[in-house]
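# Topology and contacts: notes
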Number of protein chains: 4
Amino acid sequence: METVIKIACQDEKGLVHKITGILFQKLLNVTRTNEFVDELTDHFFMRVSFTGTCDLAALRHELFAVLPANATVEIVPPVTKRVVILVTKEHHCLGDLLIRSQFQDLPFEILAVIGNHDTLKPLCAQFQIPFHFVPADGLSREAHEAQVHQLIQSMRPDLIVLAKYMRILTPDFAANYLGKMINIHHSFLPAFVGAKPYQQAFDRGVKIIGATAHFVTDDLDEGPIICQDVTPVNHTYSAKEMARSGKDVEKIVLANALKIVLEDRIFIHQNKTIIFD
Amino acid sequence: METVIKIACQDEKGLVHKITGILFQKLLNVTRTNEFVDELTDHFFMRVSFTGTCDLAALRHELFAVLPANATVEIVPPVTKRVVILVTKEHHCLGDLLIRSQFQDLPFEILAVIGNHDTLKPLCAQFQIPFHFVPADGLSREAHEAQVHQLIQSMRPDLIVLAKYMRILTPDFAANYLGKMINIHHSFLPAFVGAKPYQQAFDRGVKIIGATAHFVTDDLDEGPIICQDVTPVNHTYSAKEMARSGKDVEKIVLANALKIVLEDRIFIHQNKTIIFD
Amino acid sequence: METVIKIACQDEKGLVHKITGILFQKLLNVTRTNEFVDELTDHFFMRVSFTGTCDLAALRHELFAVLPANATVEIVPPVTKRVVILVTKEHHCLGDLLIRSQFQDLPFEILAVIGNHDTLKPLCAQFQIPFHFVPADGLSREAHEAQVHQLIQSMRPDLIVLAKYMRILTPDFAANYLGKMINIHHSFLPAFVGAKPYQQAFDRGVKIIGATAHFVTDDLDEGPIICQDVTPVNHTYSAKEMARSGKDVEKIVLANALKIVLEDRIFIHQNKTIIFD
Amino acid sequence: METVIKIACQDEKGLVHKITGILFQKLLNVTRTNEFVDELTDHFFMRVSFTGTCDLAALRHELFAVLPANATVEIVPPVTKRVVILVTKEHHCLGDLLIRSQFQDLPFEILAVIGNHDTLKPLCAQFQIPFHFVPADGLSREAHEAQVHQLIQSMRPDLIVLAKYMRILTPDFAANYLGKMINIHHSFLPAFVGAKPYQQAFDRGVKIIGATAHFVTDDLDEGPIICQDVTPVNHTYSAKEMARSGKDVEKIVLANALKIVLEDRIFIHQNKTIIFD
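Residues numbered from 1 in each chain as written. Chains lettered and ligands numbered in written order. Predicted model: local features only at pLDDT ≥ 70, side-chain atom pairs only at ≥ 80, totals over all residues.

What chain A contains, in helices and strands, is eight helices and 13 strands. Relative to the 2.2 N^0.38 estimate, which gives 19 Å for 277 residues, the radius of gyration of chain A is 20 Å and therefore close to what a compact globule would have. By its C-alpha atoms, chain A is 60 × 40 × 35 Å across when sized along the principal axes. Of all 277 residues assigned to chain A, the portion counted as buried reaches 44%. Across chain A, the fraction of contacts at a sequence separation of at least 24, relative to all contacts at a separation of at least 6, is 67%. (Helix = DSSP H or I, 4+ residues; strand = E, 2+ residues; numbered from the N terminus. Rg over C-alpha atoms; globule rule 2.2 N^0.38 Å. Buried ≥ 20, exposed ≤ 12 C-beta atoms within 10 Å, placed from the backbone. Contact = placed C-beta atoms within 7 Å.)

This next bit is on the relation of the copies chain A and chain B. Superposing chain A onto chain B takes a rotation of 180 degrees combined with a translation of 0.0 Å along the rotation axis, leaving an RMSD of 0.0 Å. Between the two chains, the operation in question is that of a two-fold axis. Judged by C-alpha distance, A191(A) is the residue of chain A that lies nearest the rotation axis, at 2.2 Å. Most of the interface of chain A is mirrored in chain B: 100% of its interface residues are interface residues there too. (Least-squares fit on C-alpha atoms with pLDDT ≥ 70 in both.)

Take the relation of the copies chain C and chain A next. Laying chain C over chain A is done by rotating through 180 degrees and shifting 0.0 Å along the axis; what remains is an RMSD of 0.0 Å. In this assembly the copies share their binding face: 100% of the residues contributing to the interface of chain C also contribute to that of chain A.

This paragraph deals with helix 8 (residues 239-262) of chain C. Taking 1.5 Å as the rise per residue, helix 8 of chain C with 24 residues should run 34 Å; its terminal C-alpha atoms sit 33 Å apart, in good agreement. In the structure, helix 8 of chain C departs most strongly from a straight axis at G246(C), where the bend amounts to approximately 25 degrees. (Expected span 1.5 Å × (residues − 1). Bend = angle between axes of the 7 residues up to and from the residue.)

Next up on the list: the interface of chain A and chain B. Contact with chain A, which involves 22 residues of that partner, is made by 22 residues of chain B. Going through the elements one at a time, strand 11 (225-232) and strand 13 (272-275) of chain A are the ones with two or more residues in the side of chain A that touches chain B. A breakdown of the residues in the side of chain A that touches chain B according to their chemical character gives twelve nonpolar, seven polar and three charged. (Nonpolar A, V, L, I, M, F, W, Y, C, P; charged D, E, K, R; others polar.)

Per-residue confidence for chain A averages 96 on the pLDDT scale, and 100% of its residues sit at or above 70. Both confidence scores are given for the complex: pTM 0.97, ipTM 0.96. (pLDDT = per-residue confidence, 0-100.)

Residue and element names in this part refer to chain A. Looking at chain A, the domain boundaries give domain 1 (3-76) and domain 2 (81-275). Contact with domain 1, which involves nine residues of that partner, is made by five residues of domain 2. Broken down by secondary-structure element, the contributors of at least two residues to the side of domain 1 that touches domain 2 are strand 1 (3-10), strand 2 (29-38) and strand 3 (43-51). Here the residues of the side of domain 1 that touches domain 2 sort into five nonpolar, one polar and three charged. (Domains from an automatic or database assignment.)

Here we take up the sheet that holds strand 9 (residues 181-185) of chain C. Residues and elements named next belong to chain C. Spatial strand order, 7-6-5-8-9-10-11: seven strands in an open sheet with mixed pairing. Taken across any chain shown, the strands that pair with only one partner, and hence form the sheet edges, are strand 7 (131-133) and strand 11 (225-232). Pairs of neighbouring strands in the sheet enclose a mean axial angle of 20 degrees, with direction left out of account. The pairing of strand 5 (residues 81-87) with strand 8 (residues 159-162) spans four bridges and is parallel. Its bridge partner lying in strand 8, L86 is registered against L162. Strand contacts of helix 3 (residues 92-102): strand 5, strand 6 (108-115) and strand 9, with the helix running at about 150 degrees to strand 6, the strand carrying the most contacts. (Pairing = 2+ DSSP bridges. Axes fitted to C-alpha atoms, helices over the stretch in contact; angles between N-to-C directions.)

Let us now look at unusual backbone geometry. Residue P190(A) follows L189(A) across a cis peptide bond; omega there is 5 degrees. On the secondary structure map, P190(A) appears in the loop between strand 9 (181-185) and helix 7 (197-204). Even without being glycine, L27(C) reaches a positive phi, approximately 55 degrees. A tally of 11 C-beta atoms within 10 Å means that L27(C) is categorised as exposed. Unlike most non-glycine residues, N70(D) shows phi in positive territory, near 70 degrees. Summarising the element assignment, N70(D) is placed in the loop between helix 2 (56-66) and strand 4 (72-76).

What follows concerns the pairing of strand 10 (residues 208-215) of chain D. Residues and elements named next belong to chain D. Among the eight residues in strand 10, eight count as buried, and that is most of the element. Bridge analysis of strand 9 (residues 181-185) against strand 10 gives four bridges, and the strand direction is antiparallel. In the sheet register, H185 faces strand 10, and the bridge partner there is T212. Looking at chain direction, strand 10 and strand 11 (residues 225-232) are connected through seven bridges and run antiparallel. If you follow I209 over to strand 11, its bridge partner there is T231.

Glancing now at the sheet that holds strand 6 (residues 108-115) of chain D. All names here are of chain D. Pairing within the open sheet is mixed, and its seven strands lie in the order 7-6-5-8-9-10-11. Sheet topology places strand 7 (131-133) and strand 11 at the edges, where each strand pairs with a single neighbour. On average, adjacent strands in this sheet sit at an angle of 20 degrees to one another, irrespective of strand direction. Across the sheet, helix 8 (residues 239-262) touches strand 5 (81-87), strand 6, strand 8 (159-162), strand 9, strand 10 and strand 11, and the angle it forms with strand 11 is around 150 degrees.

Below, the discussion takes up the packing of helix 7 (residues 197-204) of chain B against helix 8 (residues 239-262) of chain B. Think of two packed helices as two axes; the pair is described by the angle between the axes and how far apart they sit. Residues and elements named next belong to chain B. Relative to each other, helix 7 and helix 8 sit at 125 degrees, their axes nearing to 9 Å. Comparing their axes, helix 8 and helix 7 come out oblique. In the packing of helix 7 onto helix 8, the handedness of the crossing is right-handed. Counted together, Y198, Q199, A201 and F202 of helix 7 and A239, M242, A243 and G246 of helix 8 form the full contact between these two elements. (Parallel < 35°, antiparallel > 145°, perpendicular 65-115°, else oblique. Left-handed = near helix turned anticlockwise from the far one by under 90°.)

Let's shift gears to the nonpolar core. Where a protein is soluble and globular, its nonpolar side chains tend to be buried together. Judged by nonpolar contacts, the single largest core of 328 residues is most densely connected at A163(A), A163(B), A163(C) and A163(D). If we ignore the near neighbours within four places in the chain, the residues touching A163(A) are I85(A), L86(A), V87(A), C93(A), L94(A), L97(A), I184(A) and L254(A). (Core = buried A, V, L, I, M, F, W, Y, C linked by C-beta atoms within 7 Å.)

Moving on, we get to helix 5 (residues 141-155) of chain B. Residues and elements named next belong to chain B. Over its 15 residues, helix 5 extends 22 Å from the first C-alpha to the last, a length consistent with the 21 Å expected when each residue adds 1.5 Å. Listing the buried residues of helix 5 in full gives E145, V148 and I152. Seen end-on, helix 5 carries its buried residues on one side only, within an arc spanning 65 degrees. Within helix 5, the exposed residues directed more than 90 degrees away from the buried face are A143, Q150, Q153 and S154. In the core, the buried residues of helix 5 are packed alongside strand 5 (81-87), strand 6 (108-115), strand 8 (159-162) and helix 6 (171-175). With its phi angle positive at about 50 degrees, R156 sits one or two positions after the end of helix 5. (Arc of directions from axis to C-beta.)

Let us now look at the pairing of strand 8 (residues 159-162) of chain A. Relative to strand 9 of chain A, strand 8 of chain A runs parallel, the two sharing three bridges. Its bridge partner lying in strand 9 of chain A, L162(A) is registered against N183(A).

Close contact between helix 1 (residues 15-25) of chain A and helix 1 (residues 15-25) of chain D brings their axes to 8 Å; oriented N to C, the two are set at 150 degrees. Taken together, the axis directions place helix 1 of chain A and helix 1 of chain D in an arrangement best described as roughly antiparallel. The hand of the helix 1 of chain A/helix 1 of chain D crossing is left-handed. For the pair helix 1 of chain A and helix 1 of chain D, the contacting residues are V16(A), H17(A), T20(A), G21(A) and F24(A) in the first and V16(D), H17(D), T20(D), G21(D) and F24(D) in the second. Residue classes in the contact of helix 1 of chain A with helix 1 of chain D are distributed as four nonpolar, six polar and no charged.

With that out of the way, let us pick up the environment of L67(B). Residues and elements named next belong to chain B. Structurally, L67 is set in the loop between helix 2 (56-66) and strand 4 (72-76). Classification of L67 as buried rests on a count of 21 C-beta atoms within 10 Å. Each C-alpha atom of the pair L67 and I19 lies 8.2 Å from the other, and the pair is 48 residues apart in sequence. Setting aside residues no more than four positions away along its own chain, L67 makes contact with I7 and C9.

On to the environment of E39(C). Structurally, the position occupied by E39(C) is in the loop between strand 2 (29-38) and strand 3 (43-51). It is 9.2 Å that separates the C-alpha atoms of E39(C) and D11(C), two residues lying 28 residues apart in sequence.

Here's what the structure looks like:
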């Protein structure tokens with residue numbers, strides 16, 4: 001596995017030269033470099049991956065020395081990311097992730113699954129993944145979220161995945177996990193925000209349906225988009241058949257988004273994402 | 001070419017048997033039959049195409065005799081459809097249609113092009129298609145539409161195609177052409193209704209953009225959808241580059257929708273379309 | 001669930017009328033009818049689905065009475081199909097099918113999984129599906145196939161699914177299961193037949209890879225195609241990364257093909273398939 | 001417009017640092033940089049675009065000074081590329097390119113069109129593009145190619161586009177234009193090489209058809225692939241309808257490939273292409 005350096009800062013001439021100079025001096029075995037400058041905001045983004053070892057604290061120090069003020073430098077060591085998954089009743093995304101986890105198709109470890117229903121507890125048991133049932137009945141939204149938040153905190157995950165977690169989150173809850181929580185929305189956002197997107201799609205008579213994986217922000221369904229994909233439908237599809245067909249798109253889009261995030265190939269900039277190959 | 005029969009009515013048992021009985025009796029050379037029942041509304045749709053001649057008035061009469069009350073029967077003789085195209089300044093959809101018309105890629109005749117700008121007049125001249133410049137400057141929306149409407153009426157087209165006609169239509173104008181006017185909208189509806197969809201798509205940071213061909217109704221961007229398609233984009237695309245990339249989707253989606261309508265393979269039912277192969 | 005009638009015969013005028021006449025007389029609650037005439041061979045195909053009960057033997061008898069000689073009539077009662085899955089070492093297709101089976105996403109029952117390696121035995125155990133290990137070591141191809149065939153026969157499945165079963169089949173073995181055995185090939189056939197299609201795709205430098213689900217015939221990779229899909233790749237993909245990306249296409253294409261076959265929406269005609277919505 | 005630097009060489013540590021050092025020293029306004037290392041061959045590729053002026057000869061000299069032996073450095077000034085198009089009878093790709101040229105959708109100038117039939121002469125006349133009719137009747141393949149080659153040479157184009165030029169080229173002819181001649185093949189290569197790919201696709205019963213734009217080499221249909229795309233078909237498509245549907249894919253794939261080449265975003269490495277965003 002590789003160590004990844006992610007740099008973001010105001011653009012200025014010579015940044016690539018200066019940054020690669022530091023890497024060259026240390027004789028790092030760089031496996032890939034990517035840069036992008038966002039012209040609208042004149043912001044610079046660079047990702048470098050390398051194999052081998054290196055004093056990461058010193059590296060960070062040297063990088064900051066050549067970067068403009070307010071630069072952010074993230075150095076991600078080659079450690080498997082630890083993930084908590086939140087679900088409600090639908091199994092298709094969770095099932096797909098459990099299989100991928102067990103066979104190491106994706107570089108992650110599932111610490112636990114938290115459900116506001118216990119429907120998927122047996123599925124988790126089949127994969128020997130802890131399932132925590134946190135029912136919301138009789139609780140205020142805030143009280144329920146507090147329980148979920150405490151549980152998540154106790155596991156210290158790197159990432160939280162909402163795998164068809166059908167609860168509306170309060171902005172306060174979401175704010176705890178900015179850039180660390182991924183959701184899969186069952187529509188081609190920004191079409192059909194909110195509840196029952198397949199019913200909405202059916203009612204509107206669209207000819208293509210889709211799914212969107214995005215980071216969660218305090219604004220429901222409005223966070224930075226990571227991946228989207230679509231599949232054709234036609235007049236013979238009921239809303240239920242659209243949902244069935246869409247589920248396959250959902251699970252693949254979520255897995256693709258998760259792969260990008262796990263491989264640290266993504267930057268969030270304002271409300272958008274920059275994704276390197 | 002083929003004659004097409006399009007039947008729509010309340011569903012009841014035995015409809016296909018009765019209808020095909022009439023066709024069989026007349027020994028028509030049926031080339032394709034398609035049926036569909038919309039379960040929500042219990043509505044029946046059937047399309048039959050046949051070659052050869054037949055007393056169409058008698059056929060219609062016999063069909064009505066076996067159909068429930070309030071059935072609609074459309075019998076479309078094998079006559080090339082006559083089309084008027086409305087444009088503003090963008091050339092890509094018009095250019096594509098002019099080429100397809102000249103080489104008979106699609107079964108239609110372009111009677112004329114009407115523009116609220118004269119930008120595309122030379123392009124029409126290259127293809128020897130009449131261009132009518134109807135400027136809107138200094139006119140109320142209604143007054144301008146009245147001129148356009150009068151011009152259209154004088155040509156008696158079967159179909160009107162809005163090939164990037166960038167004027168908002170009044171409900172009254174649209175009401176003149178229900179089921180006879182197709183628009184291409186430069187987004188994956190219902191995402192990004194209204195103006196500047198590519199700028200909207202850029203601002204939202206979507207990873208896929210699209211285009212939608214739909215029948216025009218009195219409700220802007222809300223008419224029955226005929227065709228949609230999409231193309232991937234990423235963070236390196238400016239709004240302008242999204243627009244450029246989207247133009248290819250627009251012209252192909254419009255041509256595909258036009259083909260379906262020209263071949264009478266479409267029914268409008270409530271605010272949706274039923275499209276047969 | 002529905003009973004399905006599948007009729008195939010030489011085309012002649014009036015077939016739809018005669019067939020629907022029988023259904024109408026019996027007052028069957030027809031839910032969908034589809035017809036297609038293959039012009040090249042003048043062959044007629046019809047599928048009718050209906051709910052409710054009916055004397056199926058009598059129905060078949062009456063249908064044959066109005067059909068041309070050599071017609072085939074298949075009447076499929078609403079019974080869940082029983083499937084045997086063959087695998088080697090790869091888990092992605094099997095995992096996907098096990099999840100779909102457990103949650104009844106597809107109308108089938110997995111009787112057992114047979115593997116020429118025992119790699120996937122634990123996965124089957126997690127889903128409480130019997131796994132039969134039939135190693136090929138030291139056996140002739142024919143001797144190994146005889147064991148597999150005997151095992152399959154003992155379970156009397158309706159369908160056999162090769163979910164990345166990486167053995168070349170003898171024509172004799174394949175001949176036992178014509179129209180009843182589905183394979184997923186990891187390329188966009190007919191590109192890259194044979195072994196290591198992803199390596200072939202990598203070597204050729206293609207920009208899109210795909211997968212193909214097809215019926216197995218005695219001609220390797222040449223059977224009637226049911227479903228295909230593709231996904232883009234680029235120069236940054238190694239052969240291994242193409243394979244990883246292709247696996248998701250494979251499992252979805254296989255599931256889509258299986259759905260079509262389980263719902264009896266497919267006809268095999270010569271070496272092609274006719275698939276109704 | 002931008003000046004583009006394309007560097008390819010054996011990989012070694014520090015290349016990016018050294019190259020960007022030269023650009024930084026000259027205070028060039030770099031608009032985008034991309035690098036890629038092909039791991040199999042340990043080959044390094046870098047593209048830099050910049051605006052503004054600079055002594056290009058000196059730049060080249062300085063770059064070579066820091067690069068390994070046998071490096072190639074291409075510096076492409078911001079000059080519109082001059083293109084010759086070869087056609088036979090089909091109009092769809094040519095028509096699309098003529099429209100794009102007239103409206104400057106792509107940064108190129110069409111010097112002339114050469115046809116082995118004169119079918120498309122009137123279309124070129126509509127766009128005031130010279131058309132050269134070079135009939136092959138009664139000529140050996142070599143004699144015909146000699147005429148075409150002489151004509152091309154007289155115009156000194158930067159690029160030759162085979163826009164459905166339906167002649168098999170001799171290896172000698174192709175060798176004149178390595179890396180400078182693009183072909184659009186009407187199949188999803190390597191499926192259906194050679195003649196009549198749509199008929200082949202129809203006969204095989206595929207569910208998706210496609211098109212491939214590639215550089216021409218001395219090996220027919222085997223050159224480095226630039227772009228590919230596909231579109232779904234089904235059993236209702238005749239071979240002719242597949243061809244009609246495929247034409248839209250062909251013209252868009254060709255235009256996309258041409259855009260990449262015109263923007264100098266492509267490297268040919270062995271028999272593959274590296275394409276930067």
